[in-house]
Amino acid sequence: MTDRRIHTAEFKRDAVRLARTSGNLAGTARDLGLNASLLRKWMNAEQEKGEAAFPGHGQQILTPEQQEIRRLRKENEILRQEREIPKKAAAFFAKETTR
């Protein structure tokens, strides 16, 4: 399995500009290490939306405090789920023994 690559909005705009000036979408995609369909998708997005085509909703840069809060929230959710499992098991077995 390959890692997912993240491309900046600037890279996407440059790739689209290069593909338009060269006139060879497949060759440009190959040279940049992209799939031609991905480059075509970027070209269509830029044509439809212009400058707003690549808003950049990728990964956020978090401060250490924000990273710690995110980690603690995940840990809290896992612990909450682990606490619910014995409750459900006890209810299941209590129902089974009364039959």
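Preceding block: the structure.
These numbers were taken from a predicted model, which means no experiment stands behind them. (Residues numbered from 1 in each chain as written. Predicted model: local features only at pLDDT ≥ 70, side-chain atom pairs only at ≥ 80, totals over all residues. Heavy atoms only, no water.)

Enquirer: Honestly, the pattern of salt bridges in this entry has me stumped. Any pointers?
Expert: Under the criterion given, the structure shown has 7 salt bridges. Across the pair R71 and E75 runs a salt bridge, and its minimum N-O distance is 3.0 Å. Here R71 and its partner E75 are both found in helix α4 (residues 64-97), 4 residues apart, which amounts to about one turn of the helix. The class of E75 is partly exposed, set by a relative accessible area of 37%. Put simply, E68, R71 and E75 are held in one network by salt bridges that share partners. (Salt bridge = Lys/Arg side-chain N within 4 Å of Asp/Glu carboxyl O. Helix = DSSP H or I, 4+ residues; strand = E, 2+ residues; numbered from the N terminus. Buried < 20%, exposed > 50% of the residue type's maximum accessible area, 1.4 Å probe, protein only.)

Enquirer: When you look at the side chain of T28 in this model, what are you seeing that I'm missing?
Expert: Residue position: T28 is located in helix α2 (residues 25-32). Owing to a relative accessible area of 5%, T28 belongs among the buried residues under this scheme. A polar contact of 2.9 Å, which involves the side chain of T28, links it to the side chain of S22. Polar side-chain contacts of T28 include one of 2.8 Å to the backbone oxygen of N24. Aside from chain neighbours lying at most four places away, what touches T28 is A15, L18, A19, S22 and L39. (Polar contact = N/O pair within 3.5 Å; in protein donor to acceptor, adjacent residues only side chain to side chain. Contact = heavy atoms within 4.5 Å.)

Read these as geometric descriptors, not functional statements.
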